[in-house]
Amino acid sequence: MIRFEAVTKAYADASPAVDDLTLEAPTGAITVLVGPSGCGKTTTLRMVNRMIEPTSGRITIDGVDTASMDPARLRRGIGYVIQHGGLFPHQTVERNIATVPLLLGWDRAKALSRARELIELVGLPAALGRRYPAALSGGQQQRVGVARALAADPPVMLMDEPFSAVDPVVRDQLQEEFLRLQSHLGKTILFVTHDIDEAIKLGDQVAVLRVGGRLAQLAPPAQLLAHPADDFVAGFVGRDRGYRALGFVAATLPVRPERTVALGSTVGAGEGWVLVVDDGRPLGWLDTARHPGPVDRSSLALGGTLASAGGSLRAALDAALSSPSGRGVVVDDEGRVVGTATPSDVIAAIEAQRAESAAGGGAP
Amino acid sequence: MTWALDHLGVIASLTWRHTLLAGIPLLLGLLVAIPLGWVAHRVPALAPVTIVGTGLLYTIPSLALFILMPLVLGTRILDPINVVVAMTVYTVALLVRTVVDGLRSVPADVDAAATAMGFGRFRRLWQVQLPLAIPVIAAGLRVAAVSNVSIVSIASLIGVAQLGSLLTDGYNRAIAGELLTGIVAALLLALVFDLVVVGTARLLTPWRSP
Ligand SMILES: Nc1ncnc2c1ncn2[C@@H]1O[C@H](COP(=O)(O)OP(=O)(O)O)[C@@H](O)[C@H]1O
Ligand SMILES: [Mg+2]
């Protein structure tokens with residue numbers, strides 16, 4: 001656990017960059033610091049590994065005051081990732097990743113073999129190990145940055161906008177893989193971003209900072225969306241927050257049974273939209289008014305998005321809204337059709353869920 | 001041309017002496033400039049003083065410096081050490097600024113990443129900052145190398161032999177061939193120095209030419 005206790009950082013004759021920050025980043029969880037540019041996120045992060053010394057206040061890691069530790073040793077025990085990975089351009093990818101193990105005095109062969117292990121772990125081809133960073137794409141460099149931070153298996157990781165320099169598609173991929181990695185590594189992570197969507201996607205809890213480095217709200221993402229503490233947070237969280245909040249609510253939907261047909265079977269012109277499946281898995285919707293007769297793959301309309309039975313209300317509503325038939329397809333864990341739900345089914349479920357949480361008086 | 005062919009032995013030995021008198025100070029000067037430049041880089045308040053202070057040394061006329069050396073060092077007047085030390089001073093004068101520029105050319109995020117990973121200051125200098133500063137330092141070193149080859153020639157006026165001796169002797173005795181040989185040999189040597197610096201820098205920075 002990383003604890004900030006009334007931490008303030010004031011650079012020479014300026015108003016504080018971080019002001020009286022008290023915050024806990026729990027062990028094994030991702031705590032995201034989010035806020036507009038210049039609000040003190042990087043300063044906050046760098047105070048943890050003492051690249052910047054606080055003006056006042058205390059930072060502890062697992063109860064130990066970082067001010068009492070040797071800075072270089074402290075830093076070797078903390079993974080650090082920045083934009084572009086901050087890779088050493090003059091060293092091969094392998095050697096970059098082996099940096100901290102070598103600083104810790106590992107034997108060179110062991111450090112390099114650990115590096116090769118990590119190249120695989122972050123999903124890079126082994127051949128890249130011998131290349132220089134300049135030969136890698138932005139996304140690949142970022143993966144190397146993460147691998148390098150993980151090399152000595154530090155319990156704590158600091159990440160400063162690590163995914164903000166890559167294009168949206170790659171960013172999405174990196175975020176997914178980061179979450180997958182974290183789900184079995186369980187590091188204590190302090191993650192900085194200016195992108196609220198990234199914060200909500202990655203954070204177990206999100207700390208919203210306002211300019212001047214003051215904590216505006218600390219809450220799990222769902223709560224941030226449902227109950228922003230003030231206008232600043234509401235404005236920062238942005239549009240669609242009502243809809244996005246549904247992403248954190250599990251759907252308990254009354255699923256309607258749906259008749260399904262296989263490819264090659266015959267349908268009549270009056271049957272409306274029918275769901276075509278193969279071995280129980282949805283292939284798409286067929287408009288029988290336009291394509292009566294034997295079911296042919298080429299006459300299928302593009303299907304909508306799919307909702308999984310245990311998924312969120314957001315996914316269920318999206319499935320219902322995007323389906324050409326107006327009925328969203330719900331599938332089980334194997335991807336087999338369970339049934340369908342209409343937009344009004346989902347709205348009813350949302351209202352029921354609201355009534356329930358109001359009655360229970362609990363958080364959404 | 002015939003003069004040169006008739007004196008190949010002399011030319012070779014003078015060239016070798018010239019190489020040592022210009023080359024050794026180049027290496028020594030670099031070794032001195034690196035720590036000075038590093039301190040100036042680490043303590044920004046010291047940077048202007050250090051850079052300007054060492055830079056001023058370059059404005060001392062070389063003949064004066066050569067003549068001063070025995071007084072400062074307590075060496076004999078004809079001792080080549082005088083030339084080596086004086087040339088080292090000139091090299092330092094040129095290279096301190098270069099080293100500071102080189103260290104400043106290290107990308108801030110790379111430098112920060114090195115600190116964040118727990119490099120000590122010396123290891124960071126040796127393993128991260130200096131390697132990345134090589135292109136800038138090499139550019140300054142090329143200037144210093146050519147400058148050294150040219151300044152060393154003056155040393156013939158205080159009796160230390162090198163290619164410059166061909167110029168003084170050729171002038172005094174009005175031997176055009178000898179004068180010309182001295183000029184051409186010095187030019188060629190400067191060219192060789194330059195190529196060596198460029199080649200070494202390239203060998204030391206394999207990441208820049210994939
Ligand atoms: N070394 C420094 N000296 C003076 N002011 C600084 C320094 N570093 C950052 N600041 C100021 O502190 C504030 C917070 O900066 P920073 O922590 O980098 O913000 P963020 O990472 O949220 O963009 C900014 O106003 C910035 O200008
Ligand atoms: Mg920042």
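Quick note: structure is the one above.
Presented here is an overview of the structure given in this document.

What counts and what doesn't
- All residue numbers here refer to positions counted from 1 along the written sequence of the relevant chain.
- The lettering of chains begins at A and the numbering of ligands begins at 1, in the order of writing.
- In keeping with the model being predicted, local features are shown solely for residues with a pLDDT of at least 70 and side-chain atom pairs are shown and tallied solely at 80 or more, while totals for entire chains, interfaces and linings include all residues.
- The side-chain numbers reported here are obtained from all heavy atoms of the structure, hydrogens and water having been left aside.
- Throughout, a contact is declared for two residues whenever any of their heavy atoms are within 4.5 Å.
- Here the quantity called buried area is the total loss of accessible area, with a 1.4 Å probe, experienced by two parts when brought into contact, counted for both.
- Put simply, a salt bridge is a Lys or Arg side-chain nitrogen that is within 4 Å of an Asp or Glu carboxyl oxygen.
- As used in this structure description, the phrase polar contact means that two N or O atoms lie within 3.5 Å; if the pair is within protein, one of them must be able to donate a hydrogen and the other to accept it, and residues adjacent in sequence are counted only when both atoms belong to side chains.
- Near is defined per residue: the residue qualifies when any heavy atom it owns lies within 4 Å of the molecule or strand.
- Only the protein chains shown count as cover for residues, and the accessible areas themselves come from Shrake-Rupley with a 1.4 Å probe.
- Secondary structure is summarised from DSSP: a helix means a run of H or I of at least four residues, a strand means a run of E of at least two, and numbering begins at the N terminus for each.
- Each residue is placed in one exposure class: buried if its accessible area under a 1.4 Å probe, protein chains only, is under 20% of its type's maximum, exposed if it is over 50%, and partly exposed if it falls in between.
- Here, expected helix span is obtained from the residue count minus one, scaled by 1.5 Å.
- For this quantity, the arc is that covered by the directions from the helix axis to the C-beta atoms.
- Where helices are involved, their axes are fitted lines through C-alpha atoms of the stretch in contact, as for all axes, and angles between N-to-C directions lie from 0 to 180°.
- Note on angle classes: values under 35 degrees are labelled roughly parallel, values over 145 roughly antiparallel, values of 65 to 115 roughly perpendicular, and the remainder oblique.
- Handedness of a helix crossing follows the sense of rotation of the near helix relative to the far helix, less than a right angle counterclockwise being left-handed and clockwise being right-handed.
- Within this scheme a cavity is a closed region of a 1 Å grid, computed over the protein atoms alone, that accommodates a 1.4 Å probe without allowing it to escape, whereas a pocket is open but has protein on both sides within 12 Å along at least five of seven lines; lining residues each have an atom within 4 Å of a point.
- Grid points are joined across faces, edges and corners, and a volume is the space filled by probe spheres set on the points.
- Charged residues are taken to be Asp, Glu, Lys and Arg, nonpolar residues to be Ala, Val, Leu, Ile, Met, Phe, Trp, Tyr, Cys and Pro, and polar residues to be all remaining types, Gly included.
- Whether two strands pair depends on DSSP finding at least two bridges between them.
- Bend, at a single residue, is the angle you get between axes fitted to the 7 residues ending at that residue and the 7 residues starting at it.

With that out of the way, let us pick up the interface of chain B and chain A. Of the residues lining the interface, 18 residues belong to chain B; the matching set on chain A comes to 24 residues. Together, the buried faces of chain B and chain A total about 1700 Å²; carbon and sulfur atoms form 68% of this surface. Among the residues of chain B in contact with chain A, A116, M117 and W207 of chain B are the three that bury the most area, contributing 36% of the side total. The interface formed by chain B and chain A holds 0 salt bridges in total. Seen at the junction of chain B and chain A, the total is 2 residue pairs in polar contact (both at pLDDT 80 or more).

In this section: the site of ligand 1. Residue and element names in this part refer to chain A. Close to ligand 1 lie Y11, A17, S37, G38, C39, G40, K41, T42 and T43. The contact in question runs from an oxygen atom of ligand 1 to an N or O atom on the backbone of C39, over 3.2 Å. Between ligand 1 and T42 there is a distance of 2.7 Å, counted from an oxygen atom to a side-chain nitrogen or oxygen. Protein chains shield 53% of the accessible area of ligand 1, which is 560 Å² for the free molecule.

Residues and elements named next belong to chain A. Positive phi, normally seen in glycine, also occurs at R50, with a value near 65°. Here R50 lies in the loop between α1 (41-48) and β4 (56-61). Of note, H84 is a non-glycine position whose phi angle comes to about 60°, a positive value. Looking at where H84 falls in the secondary structure, it is placed in the loop between β6 (78-82) and α3 (93-97).

Residues and elements named next belong to chain A. Following the criterion strictly, the structure yields 23 salt bridges over all chains and no others. With a closest N to O distance of 2.5 Å, E24 and R3 form a salt bridge. Linking E24 in strand β2 (residues 18-25) with R3 in strand β1 (residues 2-9), this pair joins segments that are 21 residues apart in sequence. Taking relative accessible area as the criterion, E24 reaches 35% and is therefore assigned partly exposed. Residue classification places R3 among the partly exposed positions, given a relative accessible area of 25%.

Our next topic: helix α4 (residues 62-73) of chain B. Residues and elements named next belong to chain B. Its 12 residues place the ends of α4 16 Å apart at the C-alpha level, agreeing with the 16 Å of an ideal helix rising 1.5 Å per residue. Those residues of α4 that fall on the buried side of the exposure criterion are S62, L65, F66, M69 and P70. With its buried residues spanning 145° around the axis, α4 presents them on a single face. Across from the buried face of α4, at angles greater than 90 degrees, the exposed residues are L71 and V72. Structurally, α4 contributes buried residues whose contacts are with α5 (80-104) and α7 (121-152).

So, on to the packing of α7 of chain B against helix α9 (residues 176-204) of chain B. Residue and element names in this part refer to chain B. One way to put it is that α7 packs onto α9 with a least axis distance of 9 Å and a crossing angle of 165°. If you check the angle between α7 and α9, you find them roughly antiparallel. Every pair of crossing elements has a handedness; the one defined by α7 and α9 is right-handed. Residue-level inspection shows I134, A138, L141, R142, A145, V146 and V149 of α7 in contact with α9, the latter providing A186, L189, A190, F193, D194, V197, V198, A201 and L204.

All right, on to empty space enclosed by the protein then. All names here are of chain A. Applying the stated criterion across every chain, the model contains 3 cavities of 30 Å³ or more. Size it by volume and the largest cavity reaches roughly 100 Å³. What lines the largest cavity is simply L121, V122, R143, V146, F163, L174, E177, F178, R180 and L181. Contributing elements (two or more residues each) for the lining of the largest cavity: α6 (138-150) and α7 (168-185). Here the lining of the largest cavity is composed, by residue class, of 7 nonpolar, no polar and 3 charged.

All names here are of chain B. For the pair helix α2 (residues 8-42) and α7, the least separation of the axes is 9 Å and the interaxial angle reads 140°. With respect to α7, the axis of α2 lies oblique. Regarding α2 and α7, the two cross each other, and that crossing is right-handed.

What follows is about the environment of E351 of chain A. Considering the arrangement of structural elements, one finds E351 of chain A in helix α13 (residues 343-360). Measuring from C-alpha to C-alpha, the distance between E351 of chain A and S164 of chain A comes to 37 Å, with 187 residues separating the pair along the chain.

Residue and element names in this part refer to chain A. Taken in spatial order, the 3 strands of this open sheet run β16-β17-β18, and their pairing is mixed. If you trace the sheet from one side to the other, it starts and ends with β16 (306-308) and β18 (337-341), each paired once. Each neighbouring strand pair of the sheet contributes to a mean axis angle of 35°, computed without reference to strand direction. Here helix α12 (residues 313-322) sits on the sheet in contact with β16, β17 (328-331) and β18, set at roughly 150° to β16.

Residues and elements named next belong to chain A. Counting buried residues along β18, 4 of its 5 residues qualify, which places the element largely inside the surrounding structure. Bridging between β17 and β18 involves 4 bridges; their strand directions are antiparallel. Considered in β18, the bridge of V331 is made with V337. Between β17 and β18, which pair antiparallel and follow one another directly, the connecting turn spans 5 residues, one of which, G335, has a positive phi of 85°.

Residue and element names in this part refer to chain B. Counted at 1.5 Å a residue, the expected span for α5 with its 25 residues is 36 Å, and the 36 Å between its end C-alpha atoms agrees. Along its length, α5 shows its largest kink, about 35°, at L95. Structurally, the start of α5 carries an N-cap: the backbone nitrogen of I81 is 3.0 Å from a side-chain oxygen of D79.

Residue and element names in this part refer to chain B. In this model, the largest pocket occupies a volume close to 640 Å³. Taken together, 21 residues form the lining of the largest pocket, with L30, I134, L141, T200 and L204 sitting closest to its centre. Where the lining of the largest pocket is concerned, the elements lending two or more residues are α2, α7 and α9. Broken down by element, the lining of the largest pocket gets its largest block of residues, 8 residues, from α7. Among the residues making up the lining of the largest pocket, the classes are represented as 17 nonpolar, 4 polar and no charged.

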